Amino acid sequence: MDSRQFNLKSIRPEILSTTINDNMSADERFQNLVLRPTIKFQNDLLIEVFKNYITKHKSVFYDLSLEKRMDYIENAIQKDMKFRNSMKGMIIGIFTVEEYTIYIKNSSALNKRMMNIVKERLLSHIQLFEKPELLTAV
């Protein structure tokens, strides 16, 4: 195993609740063995990237109700292609070469799974997306 592949796999968190069995589809197996640990590893970065996204879009997110904030997150991930591609790149960029070759065979379905996991992660951390307090001069 080359050092890049070994290093990438060694830094990913282990997800103890993951189950792998013979009845799983190849996509589900890839999701559980590669996507979930990779996205969990990138969690803090993905949160910061979304905070920056909020700022770059005039902070309208902060004026929304909780339900509308949830819709905002979903729309950002599903409809803003530039943002979506940026998020995908942060995840794909830490695939091994072998994982990437598996990914490109069915990238469309795997992208859907990937973005659903990212969306669920952002939604589960929605409390972190509060308006930052501004420091005032005393």
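Provided above is the structure to which this section pertains.
Quantities reported herein were computed from a predicted structural model and do not represent experimental measurements. (Residues numbered from 1 in each chain as written. Predicted model: local features only at pLDDT ≥ 70, side-chain atom pairs only at ≥ 80, totals over all residues. Heavy atoms only, no water.)

J.: Quick question: what am I supposed to make of the pattern of salt bridges here?
T.: In a structure, side chains of opposite charge can pair up when their charged atoms sit close to one another. Under the definition given, this model contains 5 salt bridges. A salt bridge links E99 to R12; its shortest N-O distance comes to 2.7 Å. Here the residue E99 occupies a position in helix α6 (residues 97-105), and R12 occupies one in the loop between α1 (3-11) and α2 (26-41), the gap between them amounting to 87 residues. Across the pair E120 and K119 runs a salt bridge, and its minimum N-O distance is 4.0 Å. Residue E120 is classed as partly exposed on the basis of its relative accessible area, which comes to 46%. (Salt bridge = Lys/Arg side-chain N within 4 Å of Asp/Glu carboxyl O. Helix = DSSP H or I, 4+ residues; strand = E, 2+ residues; numbered from the N terminus. Buried < 20%, exposed > 50% of the residue type's maximum accessible area, 1.4 Å probe, protein only.)

J.: Would you take a moment to explain helix α7 (residues 107-124) for this structure?
T.: Three or four residues apart is the spacing at which side chains of an α-helix point the same way, because the helix has 3.6 residues per turn. Helix length check: α7 (18 residues) gives 25 Å between terminal C-alpha atoms against 26 Å at 1.5 Å per residue, within 8%. Inspection of α7 places L110, N111, M114, M115, I117, V118, K119, L122 and L123 among the buried residues, and these make up the whole buried set. For α7, the elements touching its buried residues are α2, α3 (43-56), α4 (66-79), α5 (81-92) and α6. (Expected span 1.5 Å × (residues − 1). Contact = heavy atoms within 4.5 Å.)

J.: I would appreciate a short explanation of the packing of aromatic side chains in the present structure.
T.: Aromatic rings in a pair are described by how distant their centres are and how their planes are angled relative to each other. For the coordinates displayed, the defined rule picks out 13 aromatic pairs. Ring geometry for F50 against Y53: centres 5.8 Å apart, planes inclined by 20°, an arrangement best described as stacked. Here the residue F50 and the residue Y53 both occupy positions in helix α3, the gap between them amounting to 3 residues, near one helical turn. With respect to burial, F50 and Y53 carry one shared label: buried. Aromatic side chains F50 and F61 sit 5.8 Å apart centroid to centroid with 85° between the ring planes, which places their arrangement in the edge-to-face category. Of the two residues, F50 sits in helix α3 while F61 sits in the loop between α3 and α4, which places them 11 residues apart along the sequence. Through a chain of ring-to-ring contacts, the aromatic side chains of F50, Y53, F61, Y62, Y72, F83 and F129 assemble into a single cluster. (Phe/Tyr/Trp six-rings, centres within 6.5 Å; stacked < 30°, edge-to-face > 60°.)

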